[in-house]
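So you can see what is in the structure, the chains are spelled out below.
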Amino acid sequence: MNSPSHSISQDAGERERSHEAMGAVRNGLQLGGSLLATYAIAMGVRFLLPAHLGPESFGRFNYADSFSAVFFIATHLGLEMYIRKEVSRRPEHASDFFGSTLLLRLGLTAVLMGAMALVMAHFDEPPEVRQLVYVFALAQSLIIINASVAALLHAKGKVAGLSVSNIVTKLVWGGGLLAVAVAGLPLPWLAVPLVASEAVKLAVGWYLAREHMGLTFKVDVPATLKVLKASLPFFITGAALAANGRLDVMILGMVSSHEEVGWYGAAWNIAGLTFFLNPVFGWVLMPLASRAAERSEAELTNLTRRSLEGTLAVTVPMMMLIVLGAPLWVGLMGGAFSESAMPLRLMSPLFVLAFVTMNAGLWLTMTNREWWVTITSVIGSVVLIPLLNLLLIPLMLSALGNGGGAAGTALSMLLMEICVTISLLGRMGKAAFDARLVSMMAKTAVICAAIAVLDQTLLASLNPWVRITVEAVLYIVAVLATGAVRPGEVLQVVRIARRRGNPAPEAAPTP
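Residues numbered from 1 in each chain as written. Predicted model: local features only at pLDDT ≥ 70, side-chain atom pairs only at ≥ 80, totals over all residues. Heavy atoms only, no water.

### Structural notes on the packing of aromatic side chains
Selection rule: Ring pairs are drawn from Phe, Tyr and Trp, using the six-membered ring of Trp, whenever the two centres fall within 6.5 Å, and their geometry is named by plane angle: stacked under 30 degrees, edge-to-face over 60, tilted for the rest. By definition, any uninterrupted DSSP run of H or I lasting at least four residues is a helix, any uninterrupted run of E lasting at least two residues is a strand, and each is numbered from the N terminus. Three labels apply to residues, based on accessible area from a 1.4 Å probe with only protein chains included: buried if under 20% of the type maximum, exposed if over 50%, partly exposed otherwise in between. Charge over a ring is defined by NZ of Lys or CZ of Arg lying within 6 Å of the ring centre and within 35 degrees of the ring normal.
Under the definition given, this model contains 10 aromatic pairs. Look at Phe-58 and Phe-337: their rings are 6.3 Å apart centre to centre, the planes differ by 80°, and that puts the pair in the edge-to-face class. With Phe-58 in helix H1 (residues 4-71) and Phe-337 in the loop between helix H12 (326-331) and helix H13 (341-366), the pair connects residues that are 279 residues apart, well separated along the chain. You can call Phe-58 buried: its relative accessible area is 1%. Look at Phe-337 and you get buried, because its relative accessible area is 1%. Joined through ring pairs, the aromatic side chains of Phe-58, Phe-61, Phe-136 and Phe-337 make up one cluster. Across from the ring centre of Trp-372, 5.6 Å away, lies the NZ or CZ of Arg-427, which sits over that ring.

### What about the packing of H13 against helix H14 (residues 370-400)?
The condition that has to hold: Working convention: axes come from line fits to C-alpha atoms, limited for helices to the stretch in contact. Angles between N-to-C directions cover 0 to 180 degrees. Put simply, angles under 35 degrees are roughly parallel, angles over 145 are roughly antiparallel, angles from 65 to 115 are roughly perpendicular, and the rest are oblique. Contacts between residues were defined by any pair of non-hydrogen atoms, one from each residue, lying within 4.5 Å. Each residue gets one of three labels, nonpolar for Ala, Val, Leu, Ile, Met, Phe, Trp, Tyr, Cys and Pro, charged for Asp, Glu, Lys and Arg, and polar for the others, Gly among them.
Between H13 and H14, whose axes approach to 12 Å, the crossing angle comes to 170°. Taken together, the axis directions place H13 and H14 in an arrangement best described as roughly antiparallel. Listed contacts from H14 to Met-342, Gly-361, Leu-364 and Thr-365 of H13 are Glu-370, Trp-372, Val-373 and Leu-400. Here the contact of H13 with H14 is built from residues that sort into 5 nonpolar, 2 polar and 1 charged.

### Quick word on the packing of helix H9 (residues 258-271) against H13
The criterion, for reference: By the definition used in this description, the sense in which the near helix is turned from the far one sets the handedness, with an anticlockwise turn below a right angle giving left-handed and a clockwise turn giving right-handed.
The N-to-C vectors of H9 and H13 enclose an angle of 40°; their axes lie 9 Å apart at closest approach. Here H9 is positioned oblique relative to H13, judged by the angle of their axes. Crossing angle aside, the handedness with which H9 passes H13 is right-handed. Contacts between H9 and H13 involve Tyr-264, Ala-267, Trp-268, Ile-270 and Ala-271 on the former and, on the latter, Pro-343, Leu-344, Met-347, Leu-350 and Phe-351.

### As for a nonpolar patch on the surface
Counted only if it meets this: Nonpolar side chains (Val, Leu, Ile, Met, Phe, Trp, Tyr) within 5 Å and like charges within 9 Å form the patches, drawn only from residues with over 30% relative accessible area and no salt bridge. Areas reported as accessible are Shrake-Rupley estimates using a 1.4 Å probe. Residue values count occlusion only from the protein chains shown. Throughout this description, the term salt bridge denotes a Lys or Arg side-chain nitrogen within 4 Å of a carboxyl oxygen of Asp or Glu.
Judged by side-chain polarity, Leu-232, Trp-371, Ile-375, Ile-379, Val-382, Val-383 and Leu-387 come together as a nonpolar surface patch covering roughly 640 Å² of accessible area. Counting residues per element, the nonpolar patch draws most heavily on H14, at 6 residues. Considering the arrangement of structural elements, one finds Ile-375 in helix H14. Looking at Ile-375, the relative accessible area reads 48%, which means it is partly exposed.

### Let's talk about the side chain of Thr-224
Here Thr-224 is to be found in helix H7 (residues 221-243). Filtering out sequence-adjacent residues up to four positions away, Thr-224 remains in contact with Asp-96, Phe-97, Ser-100 and Thr-101.

### Thoughts on the environment of Met-250
Take Met-250: it is sitting in helix H8 (residues 247-255). Considered as a pair, Met-250 and Val-261 are 11 residues apart in the sequence and their alpha carbons are 8.6 Å apart. Excluding residues that lie within four positions of it along the chain, Met-250 makes contacts with Tyr-63, Ser-66, Phe-67 and Val-70.

### Digging into the pattern of salt bridges
By the definition in use, this model includes 9 salt bridges. Between Arg-105 and Glu-80 there is a salt bridge; the shortest N-O distance is 3.6 Å. Taken together, the residues span a long stretch of sequence, with Arg-105 in helix H3 (residues 94-122) and Glu-80 in helix H2 (residues 79-87) at a distance of 25 residues. Of the charged contacts in the structure, one is a salt bridge between Asp-434 and Arg-305, with a shortest N-O distance of 3.9 Å.

### So, helix H16 (residues 435-456)
Under the convention used in this document: What a helix should span is 1.5 Å times the count of its residues minus one. Directions drawn from the helix axis to the C-beta atoms are what define this arc.
Taking 1.5 Å per residue, 22 residues should reach 32 Å; H16 reaches 32 Å between its end C-alpha atoms and fits that length. Turning to H16, its buried residues number three or more, namely Leu-437, Met-440, Thr-444, Ile-447, Cys-448, Ile-451 and Asp-455. Looking straight down H16, one finds that the buried residues subtend no more than 105° of arc, so they occupy a single side. Facing away from the buried side of H16, by more than 90 degrees, are the exposed residues Ala-435, Val-446, Val-453 and Gln-456. Where H16 is buried, its residues meet helix H11 (297-324) and helix H17 (464-482).

### Brief notes about the environment of Thr-75
Defined as follows: Distance and chemistry together define a polar contact, namely a pair of N or O atoms within 3.5 Å, with one atom able to donate a hydrogen and the other to accept it when in protein, and with adjacent residues in sequence counting only for side-chain atoms on both sides.
Along the polypeptide, Thr-75 turns up in the loop between H1 and H2. The class of Thr-75 is buried, set by a relative accessible area of 2%. Spatially, the C-alpha atom of Thr-75 lies 8.7 Å from that of Leu-106, the residues being 31 residues apart in sequence. Setting aside anything within four residues of it in sequence, one finds Thr-75 in contact with Arg-105, Leu-108, Leu-112 and Ile-144. One polar contact links the side chain of Thr-75 to the main-chain carbonyl oxygen of Phe-72, over a distance of 2.8 Å.

### Details of the confidence of the model for the chain
The line we're drawing: Confidence scores here are pLDDT values: one per residue, from the predictor, ranging 0 to 100.
Mean pLDDT over the chain: 79, with 81% of residues reaching 70 or higher. Note that pLDDT drops below 50 for residues 4-34; the model gives that stretch 43 contacts with residues more than four away or on any other chain. Predicted confidence is poor over residues 492-511, with pLDDT under 50, and the contacts of this stretch with residues over four places away or in other chains come to 18 contacts.

### Comments concerning H17
A rise of 1.5 Å per residue sets the reference length of H17, with its 19 residues, at 27 Å; its end C-alpha atoms lie 27 Å apart and thus fit the reference within 8%. For H17, every residue scored as buried is listed here: Arg-467, Ile-468, Glu-471, Tyr-475 and Val-479. Down the axis of H17, the sector holding all buried residues measures 95°, keeping them to one side. Set apart from the buried face of H17 by more than 90 degrees, the exposed residues are Val-477 and Ala-481. The elements touched by buried residues of H17 are H11, H12 and H16. For H17, the side-chain oxygen to backbone nitrogen distance between the N-cap and Trp-465 is 2.9 Å, and the N-cap itself is Asn-463. Of the residues trailing H17, Gly-483 is marked for its positive phi of about 80°.

### Observations concerning the nonpolar core
The criterion, for reference: We define a nonpolar core as any set of buried Ala, Val, Leu, Ile, Met, Phe, Trp, Tyr and Cys residues linked to one another through side-chain atoms lying within 4.5 Å.
Counting residues in hydrophobic clusters, the biggest one holds 91 residues, and the most contacted among them are Phe-61 and Leu-344. Setting aside residues no more than four positions away along its own chain, Phe-61 makes contact with Leu-49, Leu-53, Leu-132, Phe-136, Leu-187 and Leu-190. Among the nonpolar cores identified, the runner-up in size contains 17 residues, and Leu-79, Ala-94, Ala-151 and Ala-209 belong to it.

Below, the structure is given as structure tokens:
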């Protein structure tokens, strides 16, 4: 028979978990609201910028962005994952290492700028591309520092100010791009608005971190060395993941042409819209998972399964819209990008798989199996991606002509992600799925296959816009009718959100 003190302790634990879960939902809704606003701006840029530049200039723009990003992978240091895992439990720990790592990153920035200059001179890149790379390099330095500042606020659960900052800085970026385009300034100027927006974000983020966490700037070398050592597996994993979508663009530009990079970049712009959940995943779920793992592996496992279920419910229909409507979406960028349709279709499933690997990687990290994630990510991004690209780009260029190089890169990414997904889920074993998740995935797969068949048969003669609308409606009706998506659970989340993180009143305990 349980003692009164034991019952009180259980009740307190339940209330604590309730507060954490509801707080995570509230933070997710705040961040999600800001993401909707920022993605509306980003979506406009994703379609208008390629149309303004054309395939070749847009290819140079993407090549310069990816070139600088690959070099600045060295400055990630693995801090974001470490912060979300450790600082969410010990907020005061942030000041022990943040100042020292900031100075380290600034020093690395100077070294990397010199290294990029040497590489570009060796490959004889035109002056326009070199200047663009240097401006993007400044932006990359700020982006990585901002990611750490944001991770601190996410770990603390203080995201309201950050949500407003995201909207303001995205307006600075989008407005700056519009001004540069209207003024007809040279290509390197298109990266300047990104530098300006990230500088504003850093100023706001630093203020918020000091206000909410008492973050101070100090140099503590021994403490920083301990943090860097603990962050090593996160750094290697993050570096491998950051290379995805960057290293392949570099190889494509070197093996084929900037025009192929332009077609690939246009496809990536559209398919990348499915990644809008990615920030919420890291900002909200990881701190919540860290605290769940501290209590029990069973609680973490259940959280991971439900997270995977939710992300699949959102990303799969987006993938279907992109695959079935590919010619429509690339047509919005102009006829010059018609060659982007095939790479777009090939890379669309990639983002569904990416969310599966994120959930699996989260579970493995929180159960101290992070080196498996690290090794898998390194093999996929550093070994498989270059090998597959070097093999498939020439083959598909020869077989398909224009657009073949872009299609080869997209297929390389997809094959790599399939291998990584199999590896991580295999390491999770029975923890990866339960009957509810398997049922949801099976129903969703059948619905997707049925709609794909209808697209090629009964609905093929309809106007493309009418057809995609009918297919979207059919998908929604089918997932609701079969129970693949459960409206009751959505309403429960809405009720929690309306309480803004405050648990429902509880009955007084019986004496």
